[in-house]
Amino acid sequence: MELPALKVKGAIHTAREITQQPELWQAVWQEVRAHRAGLGQFLTVALKNSRRIILTGAGTSAFIGLSLSGLYQRKTGLVTQAIPTTDLVSHPLDYFIPGQPVLLISFARSGNSPESVAAVSLAGEICKSFYHLIITCNTSGKLALHGKDDRKFVFALPEEANDQSLAMTSSYTGMLLAAVLIAQLDQLEEARKSVEVLVGYGKKLIDYYAADLAKIAEKKFSRAVFLGSGPFYGTAKESHLKLQELTDGKVICKEDSFLGLRHGPKAVIDERTLVWYIFSNEEYVSKYERDLVHSMKRGHPPMMEIGIMERMVPGVSLDHTFCLAENGKSLPEEFLAVCLVLPAQILAFFKSLKLGLKPDMPSSTGAITRVVEGVQIYNLKV
């Protein structure tokens, strides 16, 4: 679609922000490398003096932590939880332990969501001493500017990551990749090879598979279920929100894990439903995933079953598959989580256009906005 047409359709920002991601990922690696010394010094002290890690954000930014909690727990040996700022603000005493030092890692596109700064203030009020790593796309945001001491470090992504569209796309994958790289600063040069493979996968999804996704968007589905496990549960969560946001709720979406779907949620699937499988490349995990796919033959059949995978999954027959690797490459799951959200972004973009909406601002009533408004923050009486 040409630029003038994208402008008329209110889609130019979203189109650019989706397609720029492979190049952005290269820039993110360079940015982490440039700040490796400062990040390393901060984390050495923060991890030594913290008892646990909380990964936080609001909305899409909260889903980043779901893909990272296992990685950070393995790398640091500290109990790591992904907890949205929306939960931290409403029930802070359920998550912050008085007197227990914590490393709070915040993800924020703008850093201007009301809950972002409120969660930090509550951490200081309850924990007294805490460390704060901010990964953001906006150095001028309220979160980045809140408080100044040596227990805080702000890592800013390249300027182009600060998406102008309502829905987050490159800001999500950019912050996720930055956090993946920060978790393994001691192996940053080796990680560059994974980033190069990741960039190739992203380009393949955009250049080779976009036309297929546009055809799928023409189908008359009104529901979609996204399934992912482990780090890919965050991917499923973000995928479901992208399609629901960009279609202004005209497509109702749900997410779950492969094993979790069996415990009741499977009832939502009918002949109007698109089922979207995000497959692991770990053989142990794949056994459970294949079993679930085979079980879909019992009950109401969905309209379509789509599989997103790094390598072909044996013994699985689906309506459509998007396979990334041609020569047996295998990325760690946390890197794969960065790119496996792209197909859902692309599908959501085309479905939004199909429904006559403007992807840059799909909400016809203004019910959702780029930065959440109208949230009143109250004082906590400890």
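Because the structure is a prediction, the values reported are computed rather than measured.

A.B. asks: Before we go on, may I ask you to explain the state of the cysteines in this structure?
C.D. replies: Each disulfide is one covalent bond, formed between the sulfur atoms of two cysteines. Scanning the entire structure with this criterion turns up zero disulfides. Not engaged in a disulfide, the cysteine Cys137 finds its nearest cysteine sulfur in Cys339; these two sulfurs lie 18 Å apart. Note on Cys323: no disulfide assigned, nearest cysteine sulfur contributed by Cys339 at a separation of 11 Å. On the basis of relative accessible area, Cys323 is assigned to the buried category, the value being 10%.

A.B. asks: Explain the pattern of salt bridges here, please?
C.D. replies: Once their charged atoms are close, side chains differing in charge can pair, the charge on each being opposite to the other. Scanning all chains against the criterion turns up 14 salt bridges. Where Arg16 meets Glu17, a salt bridge forms, and the shortest distance between an N and an O atom there is 3.7 Å. Here Arg16 falls in the partly exposed class, since its relative accessible area comes to 39%. Linking Arg33 and Glu189 is a salt bridge whose minimum nitrogen-to-oxygen distance equals 3.3 Å. Taken as a pair, Arg33 in helix H3 (residues 21–34) and Glu189 in helix H11 (residues 188–207) lie far apart in primary sequence, 156 residues in all. Accessibility expressed as a relative area gives 34% for Glu189, which makes it partly exposed.

A.B. asks: What should I look at first to understand the packing of helix H13 (residues 231–246) against helix H16 (residues 342–354) in this one?
C.D. replies: When two helices pack together, their arrangement is captured by the angle between the axes and the distance separating the axes. Viewed as axis vectors pointing N to C, H13 and H16 meet at an angle of 10 degrees, and their least axial separation amounts to 8 Å. In this view, H13 runs roughly parallel relative to H16, as classed from their interaxial angle. Where H13 crosses over H16, the two elements pack in a sense that is right-handed. Residues Ser239, Lys242, Leu243 and Leu246 of H13 touch H16, and the partners they reach there are Ala344, Gln345, Leu347, Ala348, Phe349, Lys351 and Ser352. A class-by-class count of the residues in the contact of H13 with H16 yields six nonpolar, three polar and two charged.

A.B. asks: Before we go on, may I ask you to explain the sheet that holds strand S4 (residues 130–136) in this structure?
C.D. replies: Backbone hydrogen bonds hold the strands of a sheet together, and the pairing may be parallel or antiparallel. One open sheet accounts for five strands, arranged S2-S1-S3-S4-S5; its pairing is parallel. Whereas interior strands pair on both sides, the edge strands pair on one side only; in this sheet they are strand S2 (79–82) and strand S5 (152–156). Between one strand axis and the next, the sheet turns through 15 degrees on average, direction left out of account. Examined bridge by bridge, strand S1 (residues 52–56) and S2 share four bridges and lie parallel to one another. Across the sheet, Leu55 pairs through a bridge with Ala82, a residue of S2. Those strands touched by helix H4 (residues 36–48) are S1, strand S3 (102–108), S4 and S5, and its axis lies near 145 degrees from that of S4. Those strands touched by helix H10 (residues 170–182) are S3, S4 and S5, and its axis lies near 135 degrees from that of S4.

A.B. asks: Please explain the side chain of Ser110 as it appears in this structure.
C.D. replies: Tracing the backbone shows Ser110 in the loop between S3 and helix H8 (114–127). Residue classification places Ser110 among the buried positions, given a relative accessible area of 9%. Reaching out from Ser110, the side chain makes a polar contact with the backbone nitrogen of Asn112 at a distance of 3.1 Å.

A.B. asks: Got a minute to help me understand the sheet that holds strand S7 (residues 252–256) in this structure?
C.D. replies: Overall, parallel pairing links the five strands, which are arranged S7-S6-S8-S9-S10 in an open sheet. The open sheet has two edge strands with one neighbour each: S7 and strand S10 (320–323). With direction set aside, neighbouring strand axes in the sheet form an average angle of 15 degrees. With five bridges joining them, strand S8 (residues 273–278) and strand S9 (residues 304–309) adopt parallel strand pairing. The residue bridging Ile278 from the neighbouring strand is Ile308, located in S9. In the packing of helix H12 (residues 210–217) onto the sheet, contacts are made with S8, S9 and S10, and the angle to S10 comes to roughly 155 degrees.

A.B. asks: Is there a simple way to explain the nonpolar core in this structure?
C.D. replies: Proteins that are soluble and globular tend to have nonpolar side chains buried together. Ranked by size, the top nonpolar core spans 111 residues in total, and within it Val32, Leu68, Leu133, Ile135, Leu181, Trp276 and Tyr277 carry the most contacts. With near-sequence residues (within four places) excluded, Leu181 lies in contact with Val28, Trp29, Val32, Leu188, Ala191, Val195 and Phe335. Counting 16 residues, the second-largest nonpolar core is a separate cluster that includes Leu104, Ala119, Phe130 and Leu143.

A.B. asks: Explanation requested: unusual backbone geometry in the structure shown.
C.D. replies: The phi torsion of most residues other than glycine is negative, and most of the peptide bonds are trans. Positive phi outside glycine occurs at Lys128, with the angle close to 70 degrees. For Lys128, the position within the fold is in the loop between H8 and S4. With a phi angle near 55 degrees, Asp248 is a residue other than glycine that sits in the positive phi range. Assignment of secondary structure puts Asp248 in the loop between H13 and S7.

Definitions and limits used
- As a convention, each chain's residues are numbered from 1 in the sequence order in which they are written.
- Per-residue local features are limited, in this predicted model, to residues with pLDDT of at least 70; the limit for side-chain atom pairs, both in listing and counting, is 80 or more; totals at the level of whole chains, interfaces and linings are taken over all residues.
- Only heavy atoms go into the side-chain values, all of them from the structure, while hydrogens and water stay out.
- The rule for a disulfide is simple: a pair of cysteine sulfur atoms within 2.5 Å.
- Classification of residues uses two cut-offs on accessible area relative to the type maximum, computed with a 1.4 Å probe and protein chains only: under 20% is buried, over 50% is exposed, and between them is partly exposed.
- A side-chain nitrogen of Lys or Arg and a carboxyl oxygen of Asp or Glu constitute a salt bridge if their distance falls within 4 Å.
- Put simply, DSSP H or I for four residues or longer makes a helix, DSSP E for two residues or longer makes a strand, and each gets a number counted from the N terminus.
- Axis definition: a line fitted to C-alpha atoms, over the contacting stretch in the case of helices. Angles run 0 to 180 degrees between N-to-C directions.
- Angle categories are assigned with fixed cut-offs, so that under 35 degrees is roughly parallel, over 145 is roughly antiparallel, 65 to 115 is roughly perpendicular, and the rest are oblique.
- Handedness of a crossing follows from how the near helix is turned relative to the far one, being left-handed for an anticlockwise turn of less than a right angle and right-handed for a clockwise one.
- Any two residues having at least one pair of non-hydrogen atoms within 4.5 Å are treated as being in contact.
- Each residue is assigned to one class: nonpolar for Ala, Val, Leu, Ile, Met, Phe, Trp, Tyr, Cys and Pro, charged for Asp, Glu, Lys and Arg, and polar for all the others, Gly among them.
- One requirement defines pairing of two strands: DSSP has to find at least two bridges between them.
- Under the rule applied, a polar contact is a pair of N or O atoms within 3.5 Å (in protein, one hydrogen donor and one hydrogen acceptor; residues adjacent in sequence only if both atoms are side-chain atoms).
- Definition of nonpolar core: a set of buried residues of the types Ala, Val, Leu, Ile, Met, Phe, Trp, Tyr and Cys, connected through side-chain atoms within 4.5 Å.

These figures capture arrangement, not role.
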